[in-house]
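# Coordinate inspection notes
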Amino acid sequence: MFHLIPKEKAKVQPEWPERFRQLAEQAEHPLLKSFYGAGCIHPDTPLAQVPFVAMDFETTGLSPQKNGIVSIGLVPFTLKRIYCRQSRHWILDPGKPLHEESVVIHGITHSDIDDAPDLRRILPQLLEALKGRVAVVHHRGIEQPFLSAALKARLGEGVIFPVVDTMELEARLHRHHPLGWLARMLGKKIVSIRLADSRTRYNLPFYAPHHALTDALASAELLQAQVADRFSPDDPISLIWH
Amino acid sequence: MEVEQVEVYEFLRRFVPFKNLPEATLAALSRQVEISYYKADTQILEVGDAVSDLCIVRSGAVEIYRRNGELYNRMSEGGLFAYQSLLMQQKVRFPVKAIEDCLIYFIPEAAFRALFDEHEEFADFFEVGDQSRLRQAVSRREDANELLTSRITALISREPVLISSAATVQQAAGLMTDEGVSSLLILQTEASDPNESEESFDRRQALVSASDGSEHKVCGIITDRDLRTRVVSQGLPFDTPVEEIMSQGLVMINSDEYVFEAMLTMLRTNVHHLPVLKKGRPVGVIALSDLVRYESRNSLFVVSSIFRQQTVEELASLYGDVQASFVRMVNEDANSRMVGSAMAVIGRSFKQRLLELGEEKFGPPPVPYCFMALGSMARDEQLIVTDQDNAMILDDSFDPKLHDEYFRELAAFVSDGLAACGYSYCTGDVMATNRQWRQPKSVWEQYFIDWIDNPTPESLLNSNIFFDLDGVWGRTEWADQLQALISRRARRSQRFLACMARNALNRTPPLGFFKTFVMEQDGQHKNSINLKRRGTAPLADLIRVHALAVGSRAQNSFDRLDDVIEAEILPPGRGPDLRDAMEFISRVRTRHQALDIEAEQEPDNNIEPENMSHFERRNLKEAFQILSDAQKFLKFRYQPNRAN
């Protein structure tokens, strides 16, 4: 049934390699020019050959416009191996007020960010680490929009790139239809698709949440498990990216 | 900014051998970790995979199997696997499968080795004790092929079928048909006297108890082939007693020997049926065909093709096959004993075939003779790089004027033929082409008596090689008789043993003062170690001295060691250590030669330590240390003014 999806989506979905070529032309800032210039893999690339990078941000809140990025974790991987050696982790000055509620969640305090750099300073390294790779996040409403907003504020232009959303892959399985009345009558509960709960279903170990680097690792492992569970390494990346 | 994965760090910290590592080391280690997810029922490691990581079960469970499919171990969170293969730099031998959905952490080889080098405790976890690790490194159980791991018992499908020597061949044929067997053991009709003196002290006797309680000796065997070739084709009457056509002088084997011993015995003695004994009682008969499934296409087939070749040129063309079977055995992790025996059987077969061809060419020998193999071939320790060491014992009726021309030509024919087949001429001229080593039996006996009774280190310097001897062709019993002479006489001559001991110390292991390797300093093998000259040869020399001292008649170093250990002349534990050292150095040597052959280079005995793995270096140093200690002990035992 999945083989129908790419065809349907192909009409609406931008062809990423082509878009990257155009964006490389249009982008003003040399960092972005170089980022797009590195290109994007073809949508037919088999999953087994895709270079992924799991990415997680901790933020001061949920609005890309109002809130800032406190930390970034990156973990490059393939279907076969996750490489801790190449992981990156930055604590950043969010440039926005750090609210008590968010501190409780991610545990990064005012004193931690006192000496922390602005995103702009680590941008060359960050974009370099993302270059040529497909980003993997759990819930795509955060990382890409936040990064784009932060870049817009600093460079005057945003950024877009394809993203695989492990939460959406869980939703495909467990949120296919809303629960019918019969299911509700029988006491069925909505299956949680939060990162930690999703991981449990694949026998993945519990990792303490809300540390950008750990969460990135957690999503990388989750994607490996999801693919092992119901995709083939030969399936094209277009099946799962957005 | 380099940063460790907290979850990885915290996990490793919970388990031995990581928990005692310094914090900074563990943090650095957790940065190196790689991770992969395996769904239940998928294979994590397949047999033959290259191993490049130490594996740790992070979640889920795995099962490790033996090659035969038997479950070896089951592991869950914190379980470590693949380290044996990693330590020994071998490919995966035991496949590993996920039995639940699993997350596996991998520690790359380089990081693992760094820890192993720098943290004693970490290394200790993977090796209980140095000696036992060396033993593990050479352990037969884990990495040998079936020929080596299976005991002969496994081949026996039924009890032997017996018949009295007075029965007729027709009765015998009827019994074979009824029982569906291809061979019968023949029982002596008279009960044997339990106090009867043994006619040959080393020939194994088989006895069978009759229903009346009397004991009967197994005196022969007949096979269906014998009925065909010795009865029917000769036109003998069907009432001929079986004892007239049976084969006597039975070659037998013990049931607890390995299958490969049976194979070698059959190849050496050219019999196709071997009675199997258990505590002196026949428990079955195995046929060559039983072994073929264990040994599909290597040495056995090289040997049989040697006997099919009609010319020296054809024999020489088998060189590639010999090398291929050597490489195959090494790659199958056959132990050095097996490789050495198989190569010796091949070498022996070349000699036998060349002598057959020689006798066709020059006619039958004017007087009986025995062709002997000396040195490594006699010890069953031959490898691929070897020269020919051989000699001839001639009948005492030998008259040089009348007969020497024949034997000189025959010896030259064999020697040239061997050289053509890849066995280079002996640089010390220990060959039957040398008149000194082509002598009547009485002269040979006098040689040995002189060496043993009037020894000087100089006179014995080059005669070590004659104390490893084996009859290959002709009157091979003469070689046995020389062995018996040596074993009787040598143990009584303390001066002889002391001279042999002194010579055995001439070649020392390549260890420096600080346990560093001492390399050859000149010539084309500069900065390398000659594993034969510095390792296996001095070990064989040393073991020979001890073996002669206890009157052992064995030729193979491992067999000699068994006799030496049994005689309890070594300090406890030293014997098994020597065996492990011999095995390890031989293995490095064979592996090195196999790699050379695969790389299409001329194989040799020189290795450069810098090209070896850390583990190989470490084990090799240990093996050399054992040799060094054993030499010290030998020196002590035979010091000039010590009363023994």
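Quantities reported herein were computed from a predicted structural model and do not represent experimental measurements.

### Structural notes on the overall build of chain A
A tally of regular secondary structure across chain A gives eleven helices and six strands. Evaluated residue by residue, chain A yields a buried proportion of 40% over its 242 residues. For chain A, restricting intrachain contacts to residue pairs at least 6 apart in sequence, the fraction spanning at least 24 positions comes to 68%.

### Focus: the overall build of chain B
Secondary structure summary: chain B contains 26 helices and 21 strands in total. Evaluated residue by residue, chain B yields a buried proportion of 43% over its 644 residues. The contacts in chain B between residues at least 6 apart in sequence include a share of 71% that link residues at least 24 apart.

### Some words on the sheet that holds strand β13 (residues 253–254) of chain B
All names here are of chain B. One open sheet holds the three strands; their spatial order is β13-β14-β15, and the pairing between them is mixed. For this open sheet the edge positions go to β13 and β15 (281–287), each flanked by a neighbour on one side alone. Pairing geometry for β13 and strand β14 (residues 273–278), over two bridges, is parallel. Counted as the bridge partner of asparagine 254 is leucine 277 from β14.

### With respect to helix α18 (residues 400–420) of chain B
Residues and elements named next belong to chain B. In this model α18 runs 28 Å from its N-terminal to its C-terminal C-alpha over 21 residues, within 8% of the 30 Å that 1.5 Å per residue would give. Every buried residue of α18 is accounted for by Phe407, Leu410, Ala411, Val414, Ser415, Gly417 and Leu418. The buried side chains of α18 occupy one side of the element, clustering within an arc of 160° when seen end-on. The exposed set on the far side of α18, more than 90 degrees from its buried face, consists of Lys401 and Glu405. Positive backbone phi, approximately 105°, marks glycine 422, located one or two places after α18.

### Digging into the pairing of strand β17 (residues 390–394) of chain B
Residue and element names in this part refer to chain B. Counting buried positions along β17 gives five out of five residues, so the element sits mostly inside the fold. The alternating pattern of β17 places Asn390, Met392 and Leu394 and Ala391 and Ile393 on opposite faces, both of which are buried. In terms of strand pairing, strand β16 (residues 369–374) meets β17 through five bridges, oriented antiparallel. The residue of β17 that forms the bridge with methionine 372 is alanine 391. By the bridge criterion, three bridges tie β17 to strand β18 (residues 438–440) in an arrangement that is parallel. Within β18, the position partnered with leucine 394 by the bridge is proline 440. Running through α18, the crossover from β17 to the neighbouring parallel element β18 is right-handed.

### Quick look at the interface of chain A and chain B
Counting residues at the interface gives 23 residues for chain A and 21 residues for chain B. Listing elements by their share of the side of chain A that touches chain B, those giving two or more residues are β3 (82–83), β4 (88–91) and α11 (212–230) of chain A. Per-element tally for the side of chain A that touches chain B: the top contributor is α11 of chain A, with eight residues. Across two bridges, β3 of chain A lies against strand β1 (residues 34–38) of chain B in antiparallel orientation. Residue isoleucine 82 of chain A lies in a different strand from β1 of chain B, and its bridge partner there is isoleucine 35 of chain B.

### Description of the sheet that holds β16 of chain B
All names here are of chain B. Judged by pairing direction, the sheet is mixed, and its four strands sit side by side in the order β18-β17-β16-β19 without closing on themselves. Each end of this open sheet is capped by a strand with a single partner; those strands are β18 and β19 (469–474). Pairs of neighbouring strands in the sheet enclose a mean axial angle of 30°, with direction left out of account. α18 contacts β16, β17 and β18 of the sheet and is inclined by roughly 155° relative to β17. Sheet strands touched by helix α19 (residues 441–453): β17 and β18. Its angle to β18, the strand with the most contacts, is close to 100°.

### Topic: unusual backbone geometry
Phi at histidine 139 of chain A takes a positive value of approximately 85°, unusual for a residue other than glycine. One can find histidine 139 of chain A in the loop between β5 (134–137) and α7 (143–155). Taking the number of C-beta atoms within 10 Å as the measure of exposure, histidine 139 of chain A has 16 and is therefore partly exposed. A positive phi angle, near 75°, is found at aspartate 41 of chain B, a position not held by glycine. Following the sequence through the fold, aspartate 41 of chain B ends up in the loop between β1 and β2 (43–45). Of the residues examined, aspartate 41 of chain B has 10 C-beta atoms within 10 Å and is grouped as exposed.

### Things to note about the packing of helix α23 (residues 531–549) of chain B against helix α25 (residues 574–598) of chain B
Residues and elements named next belong to chain B. Closest axis-to-axis distance for the α23/α25 pair is 10 Å, and the angle between their directions is 150°. Between α23 and α25, the crossing angle belongs to the class labelled roughly antiparallel. The chirality of how α23 crosses α25 is left-handed. Of the residues in α25, those touching α23 at Leu531, Lys532, Gly535, Thr536, Leu539 and Ile543 are Leu578, Ala581, Met582, Ile585, Ser586, Val588 and Arg589. Of the residues assigned to the contact of α23 with α25, the class counts are eight nonpolar, three polar and two charged.

### Quick word on the packing of helix α16 (residues 319–331) of chain B against helix α17 (residues 336–362) of chain B
Helix packing for two helices is described by the angle between their axes and how far apart those axes are. Residues and elements named next belong to chain B. One can describe the packing of α16 onto α17 by two numbers: an axis separation of 10 Å at closest approach and a directional angle of 165°. Judged by the angle between their axes, α16 and α17 are roughly antiparallel. Relative to α17, α16 is oriented so that their crossing is right-handed. Side by side, α16 and α17 meet where Val322, Phe326, Met329 and Val330 of the first sit next to Met338, Val339, Ala342, Met343 and Ile346 of the second.

### Brief notes about the confidence of the model for chain A
Looking at chain A, pLDDT values average 86 and 88% of them are 70 or higher. In this model, residues 1–11 of chain A is a region of pLDDT below 50 whose contacts with residues beyond four sequence positions or in other chains number five contacts.

### What to know about the environment of leucine 115 of chain B
Residues and elements named next belong to chain B. Here leucine 115 is to be found in helix α4 (residues 109–118). Judged by the 23 C-beta atoms lying within 10 Å of it, leucine 115 is buried. Distance from leucine 115 to leucine 21, taken between C-alpha atoms, is 9.0 Å for residues 94 residues apart in sequence. Not counting residues up to four positions away in its chain, the partners in contact with leucine 115 are Leu29 and Phe122.

### Observations regarding the pairing of β14 of chain B
Residues and elements named next belong to chain B. Across the six residues of β14, five count as buried, placing the element largely inside the fold. In this sheet, β15 lies alongside β14 in antiparallel orientation, the contact comprising six bridges. In the sheet register, leucine 277 faces β15, and the bridge partner there is proline 282. Between β14 and β15, which pair antiparallel and follow one another directly, the connecting turn spans two residues, one of which, lysine 279, has a positive phi of 50°.

### Thoughts on helix α21 (residues 476–490) of chain B
Residue and element names in this part refer to chain B. Between its terminal C-alpha atoms α21 stretches 21 Å, which fits the 21 Å expected from 15 residues at 1.5 Å a residue. When α21 is considered as a whole, its buried residues turn out to be Trp478, Ala479, Leu482, Gln483, Ile486 and Ala490. Each buried residue of α21 sits inside an arc of 145° when the element is viewed along its axis, so together they form one side. Across α21 from its buried face, at more than 90 degrees, point the exposed residues Glu477 and Arg488.

### Topic: the environment of methionine 500 of chain B
Residues and elements named next belong to chain B. On the secondary structure map, methionine 500 appears in helix α22 (residues 494–504). Separated by 138 residues in the primary sequence, methionine 500 and tyrosine 638 place their C-alpha atoms 9.5 Å from one another. Here methionine 500 is in contact with Leu460, Val545 and Leu548, once residues within four sequence places are set aside.

### As for the confidence of the model for chain B
Residue and element names in this part refer to chain B. Overall, the predicted model of chain B reaches an average pLDDT of 83, with 89% of residues at or above 70. Within chain B, the element-level pLDDT minimum falls on helix α7 (residues 140–143), averaging 37, and the maximum on β1, averaging 95. Contacts from residues 128–133, a stretch scored under 50 in pLDDT, to residues over four places away or in other chains number three contacts. Of the regions scoring below 50 in pLDDT, residues 197–203 engages in one contact with residues more than four places distant in sequence or in other chains. Interface confidence for the predicted complex, expressed as ipTM, amounts to 0.88; the pTM equals 0.50.

Criteria and thresholds
Residues numbered from 1 in each chain as written. Chains lettered and ligands numbered in written order. Predicted model: local features only at pLDDT ≥ 70, side-chain atom pairs only at ≥ 80, totals over all residues. Helix = DSSP H or I, 4+ residues; strand = E, 2+ residues; numbered from the N terminus. Buried ≥ 20, exposed ≤ 12 C-beta atoms within 10 Å, placed from the backbone. Contact = placed C-beta atoms within 7 Å. Pairing = 2+ DSSP bridges. Expected span 1.5 Å × (residues − 1). Arc of directions from axis to C-beta. Right-handed = clockwise from strand over helix to strand, strands pointing away. Axes fitted to C-alpha atoms, helices over the stretch in contact; angles between N-to-C directions. Parallel < 35°, antiparallel > 145°, perpendicular 65-115°, else oblique. Left-handed = near helix turned anticlockwise from the far one by under 90°. Nonpolar A, V, L, I, M, F, W, Y, C, P; charged D, E, K, R; others polar. pLDDT = per-residue confidence, 0-100.

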